[in-house]
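# Summary of structural features
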Amino acid sequence: MQDNATEVTAAGIARLAGVGRAAVSNWRRRHADFPKPVGGTDTSPSFALAEVEEWLRDQGKLAEVPLRERVWQQLAGHPAGPVTALLHTGCVLLLVHDRPTEWLALSATSDDRGLAERLPAALEGVLTPRFGTPAGRALATPESAALLPSVPLLRGAAELAADTGARRAFAFLLGRHLDANPRQYTLTPPGPAALMAALAGPAATALDPACGTGALLHAVRAHGARSEQRLYGQDSAPELAALTALRLALDGPAGEGAGPTVRTAAADTLLADALGDVTADVVLAHPPFNERGWGHDELAYDPRWEYGLPARTESELAWVQHALARLRDGGTAVLLMPPTVASRRSGRRIRADLLRRGALRAVIALPAGAVPPNNIPLHLWVLRRPAGSSGPAPELLLVDTTSLAAPGDVREKQAWAAVQDAVLDAWHAFDRAGTLEERPGVARSVPVIELLDDEVDLAPARRLPPPAAGGGGAAELTAVREDLAGTLRLTTRLTPESAVPAAEPARWPLTTIGELARAGALFMRTPAASGADSRSGGPARAAVPVLTDHDVLAGTAPSGIFSGDDEPFLLRAGDVVVPVVGGGATARVVDGATEGAALGRGLALLRPDPAALDPWFLAGFLRSTANNRQASSYASTATRLDVRRLQLPRLPLPEQAGYGERFKALAAFEDALRLASRLGEQLVQGLHDGLTDGTLAPE
């Protein structure tokens, strides 16, 4: 029985039915029996989920709401809000995870009120062994009255767990909630989190003093899974500390005592450290940046400031010293830092003392876009608590990866892999030997004495020499020039011949993509139904490349790696893919090199029937400027293409093939132009760099 109190927006209805939001608006206008709004606002109304589901079924637009979508809509529309619903769901999923037979006995009754009254005792029996007594944990046991509105959701979530497992069910709901509310949370993406865990190394005890949703502790768990691990987290937001506890507990094996020890606390870490008795092997943190009210006046005599009292504007250096204070001797901390912390004058004395005493071991510059805020190239600081007898570290490792990936590319896993490999290779070599042979433009170890000047500027870009011109000196530039010359000759050969004017403009009968799809001449998959995306955090699987909208616009190879929970939708040779947001007149025919990649978000796929449509004919006419203009709608910041409205002339297959050959030749010419442009830019920049750094002579 669906809960009529659960509400769903127009966007949620579109997701349920697999259509665009415009279709939902049309249904509301054209069907008098469409459910009336029960909440929301005039511009963003909400509807009763049960009524919507019934209407969709009656109209033949939906045979059955997918279980995942039903559970998500119940959670998103929960009367107490999605966070409360997510906490209730996580508690019950932990019960399903640890004591499945007890849940089955409880849920056998159809009486929702009776289930809500019996659940708190059962949940307490799971939460206490996992997280300790109620007084000492961030996650409180929900009361019966609060659980009653959640019962339909809890039954659905348990059903979902029966299909996918409790861990995957919670990961799906948490991930969907975070995706739906990106501005409410400061997230650490899976790639940078895994890099931080790898830099720190395996740990029996790990602490995150600004745990958020638990991404860093999750990475520690994944990096070196040990049932005897002790994981500690603290956050000033009580709901985040509770969600972290649930996430980490569900990460482990089923059964009481089978997983890691998890303890989280809800309090301001700097002002009210609730984990002051913890001594950790590893501390990872993505702390808040640029805090002015971090406690400068109240904490002036705090024993954590071994390296000096941070200035009021240096909250990040307070987090650095907090991390060091919670480490065992020889333990490692890795913190995300804004780049200004490496060079602000107000922090130079603390930076100098960190260097003198050997606490700061590496500063690593990441490419912009690796971690929000995406316009800033953040730094990783690797610190190690000095042991009693150890002397100062003679050298500091500086790594600059900003040139290894463009801001738009670094979130794709293939580009991120190059960054991660460069960082770990440099760090492991430096950590073993205490020094590192210079890797021009990427990494070097610098004697601490060279850094202890008036500025104590630790920004890697200011201490690393640029790479050799063109990446390999004059020899590489010569090779680039030869490649460019060959590409320009190819471009000349591929330059289209003079166009032959038609005797009179053609007047073809037209059809639309939507009509062709309904007639079976092609299969269409819209972005609303596509889920391949390299940014989602799913379980490990064989690497599947993802063709992204950026790849289609730039004419490059698939640059993403699929890691979602659903099965990827794989491309075939002859498919036509079209970016639907802000792409202009663009379409791409999938060739043998791209075949087998997954379809990325933001792309519509058209799979023509070879007996009815030539793929190059299809792609060529889809690129028409007039065609795109009549099929586009305009939002405040972007243009969106309704692929169904794109038009094609009705032509027999032989005539299509003639157009297709010409469009295919144009695509080859365009690819050659792109390659020539990239080679030309590389040659020009290499010559500039070589002439200005003295490795090339002007003659």
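Up top you'll find the structure we're talking about.
This report concerns the structure included in the present document. Computed from a predicted structure; not experimentally measured.

If you tally the helices and strands in the protein chain, you get 24 helices and 23 strands. Taking contacts inside the protein chain between residues at least 6 apart in sequence as the whole, the part at least 24 apart equals 74%. Accessible area for the protein chain stands at about 31500 Å²; split by element, carbon and sulfur atoms hold 53% of it.

We now examine the pattern of salt bridges. A side chain with one charge can pair with a side chain of the opposite charge if their charged atoms come near. Applying the stated criterion across every chain yields a total of 26 salt bridges. The partner of arginine 130 in a salt bridge is aspartate 98, with the nearest N and O atoms 2.9 Å apart. Pair noted here: arginine 130 is in helix α7 (residues 112–131) and aspartate 98 is in helix α5 (residues 82–98), with a separation of 32 residues, a long-range link. Accessibility assignment for this pair places arginine 130 and aspartate 98 in one class, buried.

Attention now goes to the pairing of strand β20 (residues 603–608). With respect to burial, β20 is a largely interior element, six of its six residues being buried. Burial of β20 is two-sided: the residues Leu603, Leu605 and Arg607 facing one way and the residues Ala604, Leu606 and Pro608 facing the other way are all buried. In this structure, strand β14 (residues 522–525) lies alongside β20, joined through four bridges in antiparallel fashion. Residue pairing for β20: leucine 522 is matched across the bridge by proline 608. Sheet topology note: the strand β17 (residues 576–579)/β20 ladder contains four bridges and is antiparallel. From the neighbouring strand, valine 577 faces β20, where its bridge partner is leucine 605.

The next subject is the packing of helix α4 (residues 67–76) against helix α9 (residues 151–164). The packing of two helices is summarised by the inter-axis angle and the distance between the axes. Axis separation between α4 and α9 bottoms out at 9 Å; the angle between their running directions is 145°. Note on packing geometry: the crossing formed by α4 with α9 is left-handed. Across from Leu67, Arg68, Val71, Gln74 and Leu75 in α4, the residues of α9 making contact are Pro152, Leu153, Gly156, Ala157, Glu159, Leu160 and Asp163. Residue classes in the contact of α4 with α9 are distributed as seven nonpolar, two polar and three charged.

What follows covers the environment of aspartate 111. By secondary structure assignment, the location of aspartate 111 is in the loop between α6 (100–107) and α7. C-alpha of aspartate 111 to C-alpha of valine 151: the two residues are 40 residues apart in sequence and 9.7 Å apart in space. Looking at aspartate 111, its side chain comes within polar contact range of the main-chain nitrogen of arginine 113, at 3.2 Å.

Turning our attention to the sheet that holds strand β18 (residues 588–589). Sheet architecture is open: four strands sit in the order β14-β20-β17-β18, paired in antiparallel fashion. One side of each edge strand has no neighbouring strand; the edge strands of this open sheet are β14 and β18. Sheet contacts for helix α22 (residues 615–622): β17, β18 and β20; angle to β17, the most-contacted strand, approximately 15°.

Let us look at a nonpolar patch on the surface. Judged by side-chain polarity, Trp508, Leu510 and Tyr659 come together as a nonpolar surface patch covering roughly 260 Å² of accessible area. Residue position: tryptophan 508 is located in the loop between α19 (473–494) and β13 (510–512). Given a relative accessible area of 30%, tryptophan 508 falls into the partly exposed group.

Let's shift gears to the nonpolar core. The biggest cluster of nonpolar side chains holds 90 residues, and the ones touching the most others in it are Leu119, Leu199, Leu284, Leu366 and Leu380. Dropping the residues within four chain positions of it, leucine 366 is found in contact with Leu195, Leu336, Val371, Pro377, Leu378, Leu380, Thr401, Thr402, Trp416 and Val419.

It is worth spelling out helix α14 (residues 315–325) at this point. Of all 11 residues that make up α14, 10 are buried, and the element is covered over most of its length. Taken together, the buried residues of α14 touch β7 (280–285), β8 (327–337), α15 (348–356) and β10 (379–384).

Moving on, we get to a negative patch on the surface. Together, Asp33, Glu51, Glu54 and Asp58 make up a negatively charged patch on the protein surface. By the secondary structure assignment, glutamate 51 is in helix α3 (residues 49–58).

Strand order across the open sheet formed by nine strands is β6-β5-β4-β7-β8-β10-β9-β11-β12, with mixed pairing between neighbours. Each edge of the open sheet is held by one strand with a lone partner, namely β6 (261–266) and β12 (443–447). The average undirected angle you get between the axes of adjacent strands in this sheet is 15°. Strand direction decides the pairing type here: strand β4 (residues 205–208) and strand β5 (residues 230–235), joined by four bridges, are parallel. Following the sheet pairing, alanine 206 is matched in β5 by leucine 231. Seen against the sheet, α15 touches β9 (360–365), β10 and β11 (395–400) and runs at an angle of roughly 50° to β10.

Among the structural elements, proline 338 can be located in the loop between β8 and α15. In contact with proline 338, not counting residues within four places along its chain, are Phe289, Glu316 and Leu378.

Positive phi, normally seen in glycine, also occurs at asparagine 290, with a value near 55°. Tracing the backbone through its elements, the reader meets asparagine 290 in the loop between β7 and α14. One non-glycine residue, valine 456, lies in positive phi territory at about 50°. Examined against the element boundaries, valine 456 turns out to sit in the loop between α17 (448–451) and α18 (460–463). On the basis of relative accessibility, which here comes to 3%, the residue valine 456 falls in the buried class.

Criteria and thresholds
- Residues numbered from 1 in each chain as written.
- Predicted model: local features only at pLDDT ≥ 70, side-chain atom pairs only at ≥ 80, totals over all residues.
- Heavy atoms only, no water.
- Helix = DSSP H or I, 4+ residues; strand = E, 2+ residues; numbered from the N terminus.
- Contact = heavy atoms within 4.5 Å.
- Areas by Shrake-Rupley, 256 points an atom, 1.4 Å probe, with all protein chains shown as cover.
- Salt bridge = Lys/Arg side-chain N within 4 Å of Asp/Glu carboxyl O.
- Buried < 20%, exposed > 50% of the residue type's maximum accessible area, 1.4 Å probe, protein only.
- Pairing = 2+ DSSP bridges.
- Axes fitted to C-alpha atoms, helices over the stretch in contact; angles between N-to-C directions.
- Left-handed = near helix turned anticlockwise from the far one by under 90°.
- Nonpolar A, V, L, I, M, F, W, Y, C, P; charged D, E, K, R; others polar.
- Polar contact = N/O pair within 3.5 Å; in protein donor to acceptor, adjacent residues only side chain to side chain.
- Patch = residues over 30% accessible without salt bridge, like charges linked within 9 Å, V, L, I, M, F, W, Y side chains within 5 Å.
- Core = buried A, V, L, I, M, F, W, Y, C linked by side-chain atoms within 4.5 Å.
- Lys, Arg positive; Asp, Glu negative; His and termini not counted.
- Charge placed at Lys NZ, Arg CZ, Asp CG, Glu CD.

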